[in-house]
Amino acid sequence: MTELILHHHLHRQRDFSERTFGPYSRPLRTEGAIDHIKKEVREIEANPADLEEWIDLAILSFEGALSQGYSPEAIAAALEAKQTKNENRKWPDWRSVEPGKAIEHDRTAEVLERSAYP
Ligand SMILES: [Mg+2]
């Protein structure tokens, strides 16, 4: 059900965006999305309580993926897969991380895997 709602949103966004901002194949379409994301991040920093600014960032993230040719179905599947990946990762005790800093997952296993195959 949730997946269907996301598919519907992404098809709606893609149709609106190509109609309004031009085809995703237009040169520098992705760079435009990245430039807009940087602007939205500054707006969030100025007012993190504004839900609409967070949604702007979510929409622009989808916009960037669409501009790279990913289908709504591929993006929805990637969102689901990445959430599952994050849930299965090893995370540090959040109490041990300095407040206001990114909490990164434990990469020890990944480093060991890489060093096993030089
Ligand atoms: Mg905004």
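Everything numeric here is computed off the predicted structure, so don't read it as measured data. (Residues numbered from 1 in each chain as written. Predicted model: local features only at pLDDT ≥ 70, side-chain atom pairs only at ≥ 80, totals over all residues. Heavy atoms only, no water.)

**Q** Before we move on, can you summarise unusual backbone geometry with the specific residues and values?
**A** Phi angles above zero are rare outside glycine, and Leu 28 is one such case at about 65°. Within the secondary structure layout, Leu 28 lies in the loop between helix 1 (2-21) and helix 2 (29-46). Relative accessible area serves as the criterion here: at 62%, Leu 28 is assigned to the exposed category. (Helix = DSSP H or I, 4+ residues; strand = E, 2+ residues; numbered from the N terminus. Buried < 20%, exposed > 50% of the residue type's maximum accessible area, 1.4 Å probe, protein only.)

**Q** Which residues make up helix 3 (residues 51-67), and what values do they have?
**A** If you check helix 3, its first and last C-alpha atoms are 24 Å apart, about what 17 residues at 1.5 Å a residue would give, namely 24 Å. The opening residue of helix 3, the one whose side-chain oxygen lies 3.0 Å from the backbone nitrogen of Glu 52, is Asp 50. The first or second residue beyond helix 3 is Gly 69, which carries a positive phi of 90°. (Expected span 1.5 Å × (residues − 1). Polar contact = N/O pair within 3.5 Å; in protein donor to acceptor, adjacent residues only side chain to side chain.)

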